[in-house]
Structures are given as C-alpha cells and as structure tokens.
Amino acid sequence: MDISVELTFSPLQDDFEEHIINLIKNLRNSGLVVLENPLSTQVFGPYDTVMDVLKTEVKIAFELMDKGLMYMKLVKSDRSAYEPHF
C-alpha cells in the first residue's frame with residue numbers, strides 16, 4: 001500500500017531554518033520520493049517504508065531542538081504524480 005504524507009515542521013526557536021533544512025536533507029537521502037514547496041514537504045512511497053523513515057527522522061529532528069511542532073497529513077495513495085486538470 002502506497003501513501004502520501006505532507007509534513008509541516010515548525011521548530012519554535014530562533015535557529016529554525018537549520019533544523020528544517022536538516023530534516024529535508026535526511027528525507028531526500030532516504031531514497032523516497034520527496035517534494036518540497038515553501039509551506040511543506042511531501043513524502044511518497046510504501047506505507048511501511050515511509051513510516052519507518054519518518055519515525056527515525058522525526059525523532060532525530062526533535063532531539064536536535066528544544067521545542068517544535070510537526071503537522072502531518074496522510075493519504076492512502078501515492079499522489080506524487082498529481083497534476084491539476086482544471
């Protein structure tokens with residue numbers, strides 16, 4: 001089963017950019033399809049693989065900062081090739 005996950009990572013501290021960049025780089029290195037835009041990062045792939053990567057990378061990101069928020073949306077399908085048709 002493939003999934004799509006949208007992440008919005010918000011470290012609640014002054015050096016927030018460094019933490020966001022590190023998370024995105026780690027996700028890129030995971031071998032999963034990763035798309036970024038100014039507001040969020042999307043990760044696509046098999047459920048177990050995506051969730052294993054996120055479990056590890058979110059924990060690392062949280063351990064490297066004092067306080068922060070992670071919003072996640074999950075969709076049961078790989079939406080990485082989505083293009084609007086209107």
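Our subject is the structure that appears above.
Here we summarise the structure given alongside this text. The structure presented is a predicted model; accordingly, all values stated were derived computationally and were not measured. Along each chain, residues carry numbers from 1 onward, in the same order as the chain's sequence is written. The predicted origin of the model limits local features to residues at a pLDDT of at least 70 and limits the giving and counting of side-chain atom pairs to 80 or more, whereas totals for whole chains, interfaces and linings rest on all residues. In computing side-chain properties, one takes all heavy atoms of the structure into account and sets aside hydrogens as well as water.

## What to know about the packing of aromatic side chains
Stage number 1. Ring geometry is summarised as follows: Phe, Tyr and Trp rings, the Trp one being its six-membered ring, pair when their centres sit within 6.5 Å, and such pairs are stacked at plane angles under 30 degrees, edge-to-face over 60 and tilted between the two. Considering all chains together, one arrives at one aromatic pair under this definition.
Stage number 2. Judged by centre distance (6.4 Å) and plane angle (35°), the rings of Phe9 and Phe62 are tilted. Of this pair, Phe9 sits in strand S1 (residues 2-11) while Phe62 sits in helix H2 (residues 47-63); the two residues are 53 residues apart in sequence, bridging distant segments of the chain.
Stage number 3. Overall, the relative accessible area of 10% leaves Phe9 in the buried class.
Stage number 4. The cut-offs for exposure are 20% and 50% of the maximum accessible area for each residue type, with area from a 1.4 Å probe on protein chains only; residues under the lower value are buried, those over the upper are exposed, and the others partly exposed. When its relative accessible area of 36% is taken as the criterion, Phe62 is described as partly exposed. For the purposes of this entry, the term helix denotes a DSSP run of H or I that reaches at least four residues, the term strand denotes a run of E that reaches at least two, and both are numbered from the N terminus.

## Let's talk about the pattern of salt bridges
Stage number 1. Salt-bridge detection follows one rule: a side-chain nitrogen of Lys or Arg within 4 Å of a carboxyl oxygen of Asp or Glu. Here the structure, examined in full by the defined rule, presents two salt bridges.
Stage number 2. Its salt-bridge partner being Glu6, residue Lys73 comes within 3.3 Å of it at the nearest N-O pair. Here Glu6 lies in strand S1 and Lys73 lies in strand S4 (residues 68-75), a separation of 67 residues in the sequence.
Stage number 3. Arg28 serves as the salt-bridge partner of Glu36, at 2.9 Å between the closest nitrogen and oxygen.

## Describing the environment of Leu74
Stage number 1. With respect to the helices and strands, Leu74 occurs in strand S4.
Stage number 2. Taking the C-alpha atoms as reference, Leu74 lies 9.8 Å from Phe44; in sequence the two are 30 residues apart.

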